[in-house]
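Observations on the three-dimensional arrangement
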Amino acid sequence: MLINHRSETNSGKAKRLEQAEWYRHENFFPVVIERDIWEKVQQKLKAQARPANGNKAKHRYAGLILCKECGSPFVPMIRYWNGKRRVEYVCKGYHRNGKSYCSSHRVHEEVLDAAVQEFAQTMRVKMAEKQKELKQKQKMWALRKPVLDAHILLLQEKVLKFEQEIDEIVMEKLRI
Ligand SMILES: [Zn+2]
């Protein structure tokens, strides 16, 4: 076991700490002894994690688009063209098996970015329109509310009058 944080330095003055404040590291030494193994494991984990993580970070549409013709996912490929680096997504079916399997479907990442932007913009406009429509409806019904309330009141009065009439008729019949 390793124990540290037995004392603290506060503005140049060292202060001894209570046992409860010490930091205890159980199993600290066995870990140190097997450090070379630990490092090998870490290296292995890093090597395993790199392709997946790297792919996701670099290629934002990886695993998101499918080929309409053959249903294969589109795989990202890096192309250098006119000294510019471009990411292109290619049908995996075509890429793996050639023309006999599927056509050479490909799309540039910028094209997808533009499509996503456009879709987001269209949705924003649509949502703003819907909101405006709802506000107008709300306003219209708010304006009509007093009229409708008055109508309800009038009908309630009528109901009351009819009930009184019914009562009178019943009483008259009982009298006979
Ligand atoms: Zn395809």
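Values in this document were obtained by computation on a predicted structure and should not be read as measured data. All residue numbers here refer to positions counted from 1 along the written sequence of the relevant chain. Note on the predicted model: pLDDT of at least 70 is required for a residue's local features to be given, and 80 or more for side-chain atom pairs to be given and counted; whole-chain, interface and lining totals, by contrast, use all residues. The side-chain numbers reported here are obtained from all heavy atoms of the structure, hydrogens and water having been left aside.

Let us now look at the nonpolar core. Put simply, buried Ala, Val, Leu, Ile, Met, Phe, Trp, Tyr and Cys residues joined by side-chain atoms within 4.5 Å make one nonpolar core. Exposure classes here rest on a 1.4 Å probe applied to the protein chains alone. A residue is buried below 20% of its type maximum, exposed above 50%, and partly exposed in between. In terms of nonpolar packing, the biggest core is built from nine residues, these being Tyr61, Cys67, Phe74, Val87, Tyr89, Cys91, Cys102, Val107 and Leu112. Ranked by residue count, the leading element in this core is strand S6 (residues 84–91), at three residues. Between two residues, a contact is recorded if the distance between any of their heavy atoms is within 4.5 Å. Excluding residues that lie within four positions of it along the chain, Phe74 makes contacts with Ile65, Leu66, Cys67, Tyr89, Val90, Cys91, His105, Arg106 and Val107. Comment: elements are numbered from the N terminus, with helices defined as DSSP H or I runs of at least four residues and strands as E runs of at least two.

Time to look at the sheet that holds strand S5 (residues 74–81). Note on pairing: DSSP must find at least two bridges between two strands before they are called paired. Pairing in this open sheet of three strands is antiparallel, and the strands run S5-S6-S7 from one edge to the other. The sheet terminates laterally at S5 and strand S7 (106–108), the two strands that pair on one side only. Sheet twist, expressed as the average angle between the axes of neighbouring strands with direction ignored, equals 30 degrees. Bridge count between S5 and S6: eight bridges; the pairing is antiparallel. Counted as the bridge partner of Arg79 is Arg86 from S6. Angles shown run from 0 to 180 degrees and are taken between the N-to-C directions of axes, each axis being a line fitted to C-alpha atoms and, for helices, limited to the stretch in contact. Where helix H4 (residues 109–175) meets the sheet, its contacts fall on S6 and S7, and the angle it forms with S7 comes to roughly 70 degrees.

Let's shift gears to the environment of Glu88. Among the structural elements, Glu88 can be located in strand S6. Classification of Glu88 as buried rests on a relative accessible area of 6%. Remark: the alpha-carbon pair of Glu88 and Glu110, spanning 22 residues in sequence, is separated by 8.7 Å. Among residues more than four places away in sequence, those in contact with Glu88 are Val75, Pro76, Met77, Arg79, Arg106, Val107 and His108. Within polar-contact distance, the side chain of Glu88 engages the side chain of Arg106 at 2.9 Å. Polar contact criterion, stated in full: a pair of N or O atoms within 3.5 Å, where within protein one must be able to donate a hydrogen and the other to accept it, and residues adjacent in sequence count only if both atoms are side-chain atoms.

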